[in-house]
Amino acid sequence: MGGYGDIQLLRDDGLRLDGRKVDEMREVEIEAGILPAADGSAWVKHGLNIAVCAVYGPMEAHPRKIQRQDRAVIDVRYNMAPFSTSDRIRPGFNRRSREISKVTAEALESVVLVERYPRSKIRVEIEILAAEAGTRCVGLTAAAVALADAGIPMRDMIVGVAAGKIEGTVVLDLDKAEDNYGQADLPMGILPTTGEIAFLQMDGDLSVEEFNTCLEYNMKAAKEIHAIQIDALKRRYEQKMGGGV
Amino acid sequence: MVALVPSLLRQELANLAEQDQRIDGRGQFESRQITLETNCLYNAEGSAKVTWGDTIIYAGVKFEMRTPWPDRPAEGSLMCSAELRPIAGRKYEPGPPSPESIELSRVVDRGIRESNCIDMSKLCIIPGEKVLGVMIDIHVLSDCGNIFDACALAAIAALRTAMIPAERFDIGEDYPLPISMTPTMSSFTRVGGRYVLDANEEEELGGDERVHITLGDEGHLHSLQKGLRGTLTPAEFAEILEVAQSRCAELAELVNSKEA
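Reading guide: rules and limits
Residues numbered from 1 in each chain as written. Chains lettered and ligands numbered in written order. Predicted model: local features only at pLDDT ≥ 70, side-chain atom pairs only at ≥ 80, totals over all residues. Heavy atoms only, no water. Pairing = 2+ DSSP bridges. Helix = DSSP H or I, 4+ residues; strand = E, 2+ residues; numbered from the N terminus. Axes fitted to C-alpha atoms, helices over the stretch in contact; angles between N-to-C directions. Contact = heavy atoms within 4.5 Å. Parallel < 35°, antiparallel > 145°, perpendicular 65-115°, else oblique. Left-handed = near helix turned anticlockwise from the far one by under 90°. Nonpolar A, V, L, I, M, F, W, Y, C, P; charged D, E, K, R; others polar. Buried < 20%, exposed > 50% of the residue type's maximum accessible area, 1.4 Å probe, protein only. Polar contact = N/O pair within 3.5 Å; in protein donor to acceptor, adjacent residues only side chain to side chain. Buried area = accessible area lost by both parts, 1.4 Å probe. Salt bridge = Lys/Arg side-chain N within 4 Å of Asp/Glu carboxyl O. Phe/Tyr/Trp six-rings, centres within 6.5 Å; stacked < 30°, edge-to-face > 60°. Lys NZ or Arg CZ within 6 Å of the ring centre and 35° of its normal. Expected span 1.5 Å × (residues − 1).

## A look at the sheet that holds strand β5 (residues 120-130) of chain A
All names here are of chain A.
- With mixed pairing, the five strands of this open sheet are ordered in space as β1-β2-β3-β5-β4. Here the strands that pair on one side only, and so sit at the sheet edges, are β1 (28-32) and β4 (73-80). In this sheet, neighbouring strand axes are inclined to one another by 15 degrees on average, regardless of whether the strands run parallel or antiparallel.
- Across the face of the sheet, helix α1 (residues 95-109) comes into contact with β4 and β5 while running at roughly 140 degrees to β4.
- Against the sheet, helix α2 (residues 135-149) engages β1, β2 (40-46), β3 (49-60), β4 and β5, with an angle of about 150 degrees to β2.

This is the structure:
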C-alpha cells in the first residue's frame, strides 16, 4: 500500500471522501450477453471501473499438452486496455496481468463443473476498459456472468469484492484514492450461496479483528452483487425468449 | 456452422449475387445499422464506442509528453494502434500482433494522418524538446465483419471529442485537441463476384478481396488499401469510389453530430 495517512481519506463526519459509509460499496451495474461474437459475455460497471468479459467454448484444447484427460482447462486472459488508466499502458501482457489471470483461472476452475468437459478448453477474456481500483474483482464478477450466459454449468456464481483499511478504519470496496493511500486491501472471490472463498489476495497490514471485519463486509457485498448478477442474467434470458434468438 | 463449409457458402453467395441479393437481405451498397457513443470511458482523454451491426469497437485517446522526432522538431506525433485481442472472436489467438492487426492499425492510421486533420504544429510545447504525442488505441470487442470501417469511425470520433490534459502536464488549462476534418472509411468486399459495401462476417468468410477507401471533408482520397487475393478493374473502382463519396459524407455527419 502507498502512503501512511498523509492524505485525509475519512471526513470529520465519519463518511468517506465520496460520501460513502464505511460499509457501503460503489454502485454496480451489470449487462449480460452484450458481445454478439462471443458464446457468453458480460459488461460490468463498478464505480468508475468498466470490465467486459467474453467466454468462448468449451472448445478443443490445443496445443495438446495443455489438455487434461479428466476435465476442461480454463484459459483466462485479464488485460487492461491502453486507455484504461491515467497514464497509457503499453499493450501486452505484463507480470501483474499474468498473475491476475492465473489466480482468476484457478478461482473459476473451482466453481465451473470442469469435469463435464474432459480434454477441452474454455476461454475467458477479460478486458478492463476503465480502471479505478478493484479491477481484478470486477473482472471476476464479469467472468461469472459471462460463463453463465454461455450456458456453462457452475456449482455457484462467483463474486469479486474487496475490503481494506484506511486511516485505521476498515472500509468496504476501496476507490482509487483509498487504494493508493490506504493501509490494506483484501480482494476476494466469494461463492455467494455457500460463502466459500475461491479467490484470495491481500496486501498491507491488518490485525485479526480487522481481517474479520473485512471478511464480514465482503460477505455482505457479495450477496448484494450476486443479486445484480442474477438480475442481469434474468433480463438477458427474457430478451432471448422475446427476441426469438 | 457455415465456417466448416466455405465452398457451400461461396456457392450460396454467388447464387444470391446473381439475383442481386445479399445473405442478410441488404442491398448491394446498403450498410448495417450504426450507433456511435462518445466520451464513454473514464480515464481516456477522448473515447468512442461504435456498434456496427454486431461488430463492437471501443477507441480511446491518450496523450503523452515526449521528445520530438529529430526530423520534425516542432511537431507533435500521432500513433494509432488497433488491437485484435482474443476477446474479438473465436478465430483470434493470443500472442504478438498478427499481420492482420498490423494492417488494420496502419490503414486506419494512414487515413487520419494523411488527411492532416490534426494540426501537429499546435502540439509543439518547446521546439526540439517537448511535444505532445497523440495515441489512439482501438479495441475490437466483437468482430462480426467490417472492423476496418468501424475502427476508423471509432478512432476519428474519439479524436474529435479529445481534451488535452494540459493541467496534468503543467502547461496551462485543458483544451480540446485542435482537429479540423473528419476522415472516414468505406470498405468494399467482393462477394459472389461483385463488390458490396460493409460485408458481414459470412460475406468476409465466403468472399474475396477487399478495398478500403478513406475520404476527407472535400471527398479527397487520403488512404487506399487492397487486401487479400484478387484483382479489380478501374471501372469497378470508379463505381465503389462513387458509393464511398456519399457513404463517407454520411459517416462524417454522424461523427460531427456527436461533438459537444
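What follows picks up the thread again.
## Details of the packing of α1 of chain A against α2 of chain A
All names here are of chain A.
- At a minimum axis separation of 11 Å, α1 and α2 run at an interaxial angle of 40 degrees. In terms of their interaxial angle, α1 and α2 are classed as oblique. Along this stretch, α1 crosses α2, giving a crossing that reads as right-handed. Only Thr 135, Arg 136, Leu 140, Ala 143 and Leu 147 of α2 make contact with α1, whose side of the interface consists of Arg 96, Ile 100, Thr 104, Ala 107 and Leu 108.
- Residue composition of the contact of α1 with α2, by class: six nonpolar, two polar and two charged.

## A look at the environment of Glu 31 of chain A
All names here are of chain A.
- When you line up the elements, Glu 31 lands in strand β1.
- We classify Glu 31 as partly exposed; its relative accessible area is 33%.
- Discounting chain neighbours no more than four positions away, the residues touching Glu 31 are Ser 41, Ala 42, Trp 43, Ala 232 and Arg 235.
- Of the polar contacts made by the side chain of Glu 31, one reaches the side chain of Arg 235; its length is 3.4 Å.

## Some words on the interface of chain B and chain A
- Between chain B and chain A, the residue contacts involve 31 residues of the former and 34 residues of the latter.
- Contact with chain A buries surface across chain B, with Tyr 42, Ile 87 and Arg 90 of chain B losing the most and accounting together for 27% of the total.
- Counting every contact that joins chain B to chain A gives three salt bridges.
- Two residues, Glu 127 of chain A and Arg 85 of chain B, come together in a salt bridge whose shortest N-O distance is 2.5 Å.
- Here chain B is connected to chain A by 16 residue pairs in polar contact (both at pLDDT 80 or more).
- When residues of the side of chain B that touches chain A are traced back to their parent elements, those giving at least two are β3 (55-66), β4 (77-83) and β6 (130-142) of chain B.
- For the side of chain B that touches chain A, a count of residues per class yields 16 nonpolar, six polar and nine charged.

## Comments concerning the packing of aromatic side chains
All names here are of chain B.
- In total, this model carries one aromatic pair over all chains according to the counting rule given.
- The aromatic ring of Trp 69 is capped on one face by Arg 66, whose charged end is 4.2 Å from the ring centroid.
- Sitting above the plane of the Phe 169 ring, Arg 168 keeps its charged end 5.8 Å from the centroid.

## Comments concerning the pairing of strand β12 (residues 221-227) of chain B
- Here six bridges tie strand β11 (residues 210-215) of chain B to β12 of chain B, and the two strands are oriented antiparallel to one another. Across the sheet, the residue bridging to Leu 215 of chain B is Leu 221 of chain B, located in β12 of chain B.

## Remarks on the side chain of Arg 26 of chain B
Residue and element names in this part refer to chain B.
- When you line up the elements, Arg 26 lands in the loop between α1 (6-18) and β1 (34-38).
- Judged by its relative accessible area of 7%, Arg 26 is buried.
- Non-local contacts of Arg 26, meaning those with residues more than four positions away in its chain, are made with Ser 31, Arg 32, Leu 197, Asp 198, Ala 199, Asn 200 and Glu 203.

## Describing helix α2 (residues 99-114) of chain B
Residues and elements named next belong to chain B.
- The end-to-end C-alpha distance of α2, which contains 16 residues, comes to 22 Å, matching closely the 22 Å that a straight helix rising 1.5 Å per residue would cover.
- Where α2 is concerned, the buried positions are Ser 101, Glu 103, Leu 104, Ser 105, Val 107, Val 108, Asp 109, Gly 111 and Ile 112.
- On the buried face of α2, the contacting elements are β4, β6, α3 (147-160), β9 (184-191), β11 and β12.
- Where α2 ends, the next residue or the one after it, Asn 116, has phi of about 55 degrees, a positive value.

Geometric descriptors of this kind do not, in isolation, establish any biological role.
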